[in-house]
Amino acid sequence: MKTPDSWRLAGHFGSLSALELLISAATFSSLGVILPHMVEDLRWSWSQAGLGFSILGAACGGSSLLPPILIRRFGVRNTLIIGAICMAVGLYTLHGVSTLLLYFIGTAICGVSFQMLGAIPATFVLTRVFKRRSTILGLYGTIGGFGNVVGPWMVLAVLAVPGATWREYWGYQALLLLVFGIGCALIVGIDKRFSRPAREELTTPAQDKPAPEPKGCAPRAACQTSRQTNRLAVFRSAVDWTVRDAMRTPQFYVIVAAYFANIFCLVTVTSLSVSHLVERGVSTTVAGAMLSLEALIAVAVRAGAGVLGDHVDPRFLMIASLGATSVGCFVLALYESQPYLLIYALGTGVGFGATQLCATVLMLNYFGQRHNLELFSTMCLVGAASALGPVIGGVTRDLSGSFAPMFLVLAGTAAVVGFSVSMMRPPVAATEEGSEDEVEPEAVAEEARGRFANKPA
């Protein structure tokens, strides 16, 4: 029989994961399917329609610093309620759209709302109530990833109703997200930690005892003071770094670069791969099937990487995932036969499924939990720049006559960032005077001689 605590944890995980699935289905995956109906009805050009999709992505990435402000000031529960109301407003704006301006406003509101309902508040909650961070984040991402599968079917189901149009679809989604978002907020708010302003945790000492390390992790003190016997063991910092100190380390920027490389490649491959393969003689059906296969592989890999990340240091998983991304993009650029297409789908699927998760967990493991809200949201900020990928790819196609050079650039970017991750070592922080985890001078000196050791201020 489950204890009340178990039910509460299941409620947190289930509601947040389902909310991630629904917001993904209602925005990015739905818009791509329903857009042709809007273009035909409103007589827009595809350039105008595509700009709205870019605004959605840019608003989502560019607003990543807003949720931490709301969570620190109002708490997770109220942030989710605000996000649900804003998402409903944005979706209902799309329901009544008659001009391009309203379309752009609606997509921008949905993009900002996405961040208030998605990974930032979910990561904040789940990493505080579950011990196995990597596992739970992997499962959360896996469930959320099915939004890309469910979204198109939701569109088709509504449009199959006699007399229903795309306007009804946006109206139904507005109501669904409003009800479910507020319901999720109330479930999460049962835990008082998430119903009050989160800024209190920055000034109030933690009352609970430190959670035991999951099996397979290197001891905290040992990680700070000596060489690990098991080089694959998970490193967890004994120190909660401040935002300023974390941002002064090379490790922070390497992790951010890995996150950016993953999103940059993901958005570009998703938007341009079908057109590229069709130009090289591949049928539209096969090209689309490879994209779907890639998405399914990414969903499966995300769950496996989450479980593995609690036993093997995510740095090694990230090296492998970025390598897979590089190989997948390289093969996509130059080959079009069936065996090579499978390699492309497998490589990019593995890379896209694991890299983002590894970056999230590494940020937690390297810099601690106390200020992770601000550090994670800063990392998400670079997602706004990923919207440039399709634009750069289009310019490359116009200038060179092929998308291949763009995919080669993606392959090179993933390879360079993967090499940087392979050279990275855990950051070393000076502990407070008298701490039982005090760093030995010899260990600090040895780490300082490393390629990615922290530089003094």
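Residues numbered from 1 in each chain as written. Predicted model: local features only at pLDDT ≥ 70, side-chain atom pairs only at ≥ 80, totals over all residues. Heavy atoms only, no water.

Undergrad: Quick rundown of unusual backbone geometry? Include the residues and the values.
TA: If you check the backbone angles, R43 has positive phi at about 60 degrees while not being a glycine. Summarising the element assignment, R43 is placed in the loop between α2 (28-42) and α3 (46-62). (Helix = DSSP H or I, 4+ residues; strand = E, 2+ residues; numbered from the N terminus.)

Undergrad: Can you tell me about a nonpolar patch on the surface, naming the residues and giving the values?
TA: A contiguous nonpolar patch, built from V327, F330, L334, Y335, Y340, I343 and L408 and spanning about 570 Å² of accessible area, is present on the exposed surface. Mapped by element, the contributors of at least two residues to the nonpolar patch are α16 (314-334) and α17 (338-367). In this structure, Y340 sits in helix α17. Residue classification places Y340 among the partly exposed positions, given a relative accessible area of 34%. (Patch = residues over 30% accessible without salt bridge, like charges linked within 9 Å, V, L, I, M, F, W, Y side chains within 5 Å. Areas by Shrake-Rupley, 256 points an atom, 1.4 Å probe, with all protein chains shown as cover. Salt bridge = Lys/Arg side-chain N within 4 Å of Asp/Glu carboxyl O. Buried < 20%, exposed > 50% of the residue type's maximum accessible area, 1.4 Å probe, protein only.)

Undergrad: Can you break down the pattern of salt bridges residue by residue, with the values?
TA: As enumerated under the stated definition, the model contains seven salt bridges in all. Residue R236 pairs with D310 through a salt bridge whose shortest N-O separation is 3.5 Å. Of this pair, R236 sits in the loop between α12 (220-225) and α13 (243-246) while D310 sits in the loop between α15 (284-308) and α16, placing them 74 residues apart in sequence. Since its relative accessible area comes to 5%, R236 is described here as buried. Residue class for D310 comes out buried when judged on its relative accessible area of 0%. In this structure, the salt-bridge partner of E279 is R397, at a minimum N-O distance of 2.8 Å. Here the residue E279 occupies a position in helix α14 (residues 250-279), and R397 occupies one in helix α19 (residues 388-400), the gap between them amounting to 118 residues.

Undergrad: Describe the nonpolar core, listing the residues and the values that go with them.
TA: General note: in soluble globular proteins, nonpolar side chains tend to be found buried as a group. Core analysis: the largest hydrophobic core is formed by 87 residues, its most contacted members being L16, M38, L80, Y103, W170, I255 and F367. Setting aside residues up to four positions removed in sequence, L80 forms contacts with L16, L19, M116, L117, P121, G181, C184, A185 and V188. Listed in part, the 23 residues of the second largest apolar core include A287, L291, Y344 and F403. (Core = buried A, V, L, I, M, F, W, Y, C linked by side-chain atoms within 4.5 Å. Contact = heavy atoms within 4.5 Å.)

Undergrad: Which residues make up the environment of I71, and what values do they have?
TA: One can find I71 in helix α4 (residues 66-74). Residue classification places I71 among the buried positions, given a relative accessible area of 0%. Residues I71 and L373 lie 302 residues apart in sequence; the distance between their C-alpha atoms is 8.9 Å. Residues contacting I71, with those up to four places away along its chain left out, are V76, T79, P121, F124, P197, A198 and L373.

Undergrad: How would you sum up the environment of S63? Please name residues and give values.
TA: When you line up the elements, S63 lands in the loop between α3 and α4. The class for S63 is buried, based on a relative accessible area of 10%. Taking the C-alpha atoms as reference, S63 lies 9.0 Å from C380; in sequence the two are 317 residues apart.

Undergrad: Give a description of the packing of helix α8 (residues 133-145) against helix α9 (residues 147-159) that names residues and reports values.
TA: Here α8 crosses α9 at 20 degrees, and the two axes come no closer than 5 Å. Our classification of the angle between α8 and α9 gives roughly parallel. Residues I143, G144 and G145 of α8 touch α9, and the partners they reach there are G147, N148 and V149. Looking at side-chain class alone, the contact of α8 with α9 contains two nonpolar, four polar and no charged residues. (Axes fitted to C-alpha atoms, helices over the stretch in contact; angles between N-to-C directions. Parallel < 35°, antiparallel > 145°, perpendicular 65-115°, else oblique. Nonpolar A, V, L, I, M, F, W, Y, C, P; charged D, E, K, R; others polar.)

None of this, on its own, says anything about what the molecule does.
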